Amino acid sequence: MISHQEVKHIAKLARLGLNEDDFDAFQKDITDILNYFDLLKEVDASRIDPSFSVIEKYPNVLRKDEEKPQLIETTNKLVEAAPEEKDRYIKVKTILK
Amino acid sequence: MELYELTISQAHKGLINREFSCLDLTKAYLERIEREDKRISAYITITEDLAVSQAKKADELISSGREVDVLTGIPLAVKDNILVSGVKNTCASKILENYLAPYDAAVIKKLKNKGAVILGKTNMDEFAMGASCENSAFFPTKNPHNIDYVPGGSSGGSAASVAANLSCYALGSDTGGSIRQPASFCGIVGLKPTYGAVSRYGLVAFASSLDQIGPLTKTAEDAKIVFKAIKGKDEMDSTSLDCSDDYRFNVLDFKIGIPKEYFIKGIEPDVEKIVKDAIGRFESLGFKIEEVSLPHTKYVIPTYYLINTSEASANLARYDGIKYGLSRNDRDDLIDVYLRTRGEGFGREVKRRIMLGTFALSSGYYDAYYLKAQKVRTLIKQDFERAFEKVDFILSPTSPTPAFKIKEKVTDPLSMYLCDVFTAPVNLAGLPSISIPIGFSNELPVGLQLTAKPFKEDIILEAAQFYQKNE
């Protein structure tokens, strides 16, 4: 069983603002699901490589480190999508106080 | 026959023979949506002005006498996680409720260049997380065959729109079955292409090692038409590749594999019977059939959900209330903006998956959960590789049950996850797979899944078409 404290810790790592009811519900759900996932413990995969990429023939895709021209309209749209902007910069809250 | 009942190839013939115009066809759909979508709720946004202007352009092209593409003037619906420039792209989430797409996804650009007509954006489980469309933050979509039942998910709106003749075809995305399972529940065709066959530029990322875009259509012939139009390498998606499509073979030379682990338990008896009848039909058409083994099948769901939630927790970190989307930023505290925006903006299932994924990636648990899952994924992939040494494609049920009732599984996340047992292994191995309708259980459709080696879409598309022609 995952502890209440652990659920709070995960929520903090995930930057999710949850209330006490949520913590209780997720404590139960996550415990149930992780218990089921324990099925994987039966598999001996100690000498198996992980499959981070599924298709072997993928070549590395490289490009030159150079600026690509972008339509000004596209850039404007991206900046306008931000909740707060100032002089075509996206405004962020104070980070260092 | 009504215009909205036509397949892509039938509608194309009608257009080039001037039996009706693109505007007639488009209006037939728009009027039907106006009348019928109150009952089905397939669409989140209807793009009537865009559709009418695209239809007029397509009509001009056709009347100019120039050769046109088979998709010119054909109306489609687009899942609400694939960007259409200037149109709202919500992902059925409150966090993106008012987000306007700043550009076209690669697939949309390709279809627009062919003169496609976009009718609107379809409902889905929030951020494509779900198997019933009930996780939409706005409203559930209903199954057109019986509105007390779910249409499947996550591309439930796209599947319902095609099944209810509210679009001629639709685009969806498939991370663990999200095209094939709703296609199966709604009695239509759904193709999940090979990982990398279709560019994902402009698809909202969910689990990046699994996600693919594909078509939902009335027939396998239509699925082939749409797949050919959207596939190929795109420099904006470094995982995309060009793939072969010779389609020059005798389909009856292909050998079919039936995984013995898929018919042991958990399948509804009716579904098992209908699937076995369809397998018998393939045999009587002249295909050779043999048993294959996928011994790691019982580990598919934990493996899939560990990878899915881990990747989702990383991908969804971008919804921070700063760059775009919902923002709760009235207090001058950065962490507070994150916590409140994400706490209010995400629905329950999305939060649950972010929590699970964050846990699986967290210090002390990474090796036991995430890394272990990636290793078992290798074993699942190798199961398929061994099977494909003996056979050319594999037949299985798409889903262990037909559509279930609305609210039947919504309080039990684990039972919802188990719906993906036949579809998710295909994504873990990156394979192409198609679901086709093969019958009904209590008036609800049942689907058959055909799966092939990477980049062998042509095999399953031809086999599915052959089956449908000889049905």
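Before any of the text, the structure's been laid out above.
Residues numbered from 1 in each chain as written. Chains lettered and ligands numbered in written order. Predicted model: local features only at pLDDT ≥ 70, side-chain atom pairs only at ≥ 80, totals over all residues. Heavy atoms only, no water.

All names here are of chain B. Ranked by internal contacts, the top residues of the largest apolar core, which has 170 residues, are Phe-127, Tyr-169, Phe-393, Ile-434 and Leu-450. Leave out the neighbours within four places in its chain, and Ile-434 touches Val-189, Gly-190, Leu-191, Ala-223, Leu-448, Gln-449, Leu-450, Ile-460, Leu-461 and Ala-464. Within the second largest apolar cluster, nine residues are counted, among which are Ala-131, Phe-185, Ala-403 and Met-416. (Core = buried A, V, L, I, M, F, W, Y, C linked by side-chain atoms within 4.5 Å. Buried < 20%, exposed > 50% of the residue type's maximum accessible area, 1.4 Å probe, protein only. Contact = heavy atoms within 4.5 Å.)

All names here are of chain B. Burial analysis of strand 7 (residues 255-259) places four of its five residues in the buried class, the great majority of the element. Relative to strand 8 (residues 288-292), strand 7 runs parallel, the two sharing five bridges. Each residue of the ladder has a partner; that of Lys-255, found in strand 8, is Lys-288. What joins strand 7 to strand 8 is helix 8 (residues 269-284), and the crossover it makes is right-handed. For strand 7 and strand 9 (residues 393-397), the ladder comprises two bridges, and the chain directions are parallel. Along strand 9, the bridge assignment pairs Gly-257 with Ile-394. (Helix = DSSP H or I, 4+ residues; strand = E, 2+ residues; numbered from the N terminus. Pairing = 2+ DSSP bridges. Right-handed = clockwise from strand over helix to strand, strands pointing away.)

Residues and elements named next belong to chain B. One open sheet accounts for 11 strands, arranged 1-3-2-4-6-5-10-11-9-7-8; its pairing is mixed. Unpaired on one side and paired on the other, strand 1 (43-46) and strand 8 mark the two borders of the sheet. Neighbour-to-neighbour, the strand axes of the sheet open up by a mean angle of 30 degrees, direction not taken into account. Where helix 7 (residues 220-230) meets the sheet, its contacts fall on strand 4 (169-174), strand 5 (189-192), strand 6 (212-217) and strand 10 (433-441), and the angle it forms with strand 6 comes to roughly 145 degrees. (Axes fitted to C-alpha atoms, helices over the stretch in contact; angles between N-to-C directions.)

Here helix 12 (residues 367-390) of chain B contains 24 residues, and its C-alpha end-to-end distance of 34 Å stays within 8% of the 34 Å for a straight helix at 1.5 Å per residue. Most of helix 12 of chain B sits inside the fold, with 17 of its 24 residues counted as buried. (Expected span 1.5 Å × (residues − 1).)

This part takes up the packing of helix 9 (residues 300-315) of chain B against helix 11 (residues 348-361) of chain B. Residues and elements named next belong to chain B. Taken N-terminus to C-terminus, the directions of helix 9 and helix 11 make an angle of 100 degrees; their axes are 7 Å apart at the nearest point. Taken as axis vectors, helix 9 and helix 11 run roughly perpendicular relative to one another. Each of Tyr-305, Leu-306, Asn-308, Thr-309, Ser-310 and Ser-313 in helix 9 lies in contact with helix 11, whose residues at this interface are Arg-353, Ile-354, Leu-356, Gly-357, Thr-358, Ala-360 and Leu-361. Here the contact of helix 9 with helix 11 is composed, by residue class, of six nonpolar, six polar and one charged. (Parallel < 35°, antiparallel > 145°, perpendicular 65-115°, else oblique. Nonpolar A, V, L, I, M, F, W, Y, C, P; charged D, E, K, R; others polar.)

Next up on the list: the side chain of B:Asp104. All names here are of chain B. With respect to the helices and strands, Asp-104 occurs in the loop between strand 2 (75-79) and helix 4 (106-113). Here Asp-104 falls in the buried class, since its relative accessible area comes to 17%. In this structure the side chain of Asp-104 is engaged in a polar contact, spanning 2.9 Å, whose partner is the side chain of Lys-112. Among residues more than four places away in sequence, those in contact with Asp-104 are Leu-83, Val-84, Ser-85, Lys-109, Lys-112 and Tyr-201. (Polar contact = N/O pair within 3.5 Å; in protein donor to acceptor, adjacent residues only side chain to side chain.)

Moving on to the interface of chain A and chain B. At the junction of the two partners, chain A supplies 56 residues and chain B supplies 69 residues. Across the chain A/chain B interface, buried area totals approximately 5,400 Å², and carbon plus sulfur atoms make up 69% of it. When residues of chain A are sorted by the area they lose upon contact with chain B, A:Leu40, A:Val54 and A:Lys93 head the list and together hold 12% of the total. For B:Arg352, the salt bridge identified is with A:Asp29, shortest N-O distance 2.8 Å. Put simply, chain A and chain B have 19 residue pairs in polar contact (both at pLDDT 80 or more) between them. Among the elements that make up the side of chain A that touches chain B, the one with the highest residue count is helix 2 (residues 20-37) of chain A (10 residues). Of the residues assigned to the side of chain A that touches chain B, the class counts are 34 nonpolar, five polar and 17 charged. (Buried area = accessible area lost by both parts, 1.4 Å probe. Salt bridge = Lys/Arg side-chain N within 4 Å of Asp/Glu carboxyl O.)

Moving on, we come to unusual backbone geometry. All names here are of chain B. In this chain, Gly-153 is followed by Ser-154 through a cis amide linkage whose omega measures 10 degrees. Relative to the helices and strands, Ser-154 resides in the loop between strand 3 (117-122) and helix 5 (156-163). Despite not being glycine, Asn-442 has its phi angle at roughly 50 degrees, a positive value. Relative to the assigned elements, Asn-442 resides in the loop between strand 10 and strand 11 (444-452). The class of Asn-442 is exposed, set by a relative accessible area of 71%.

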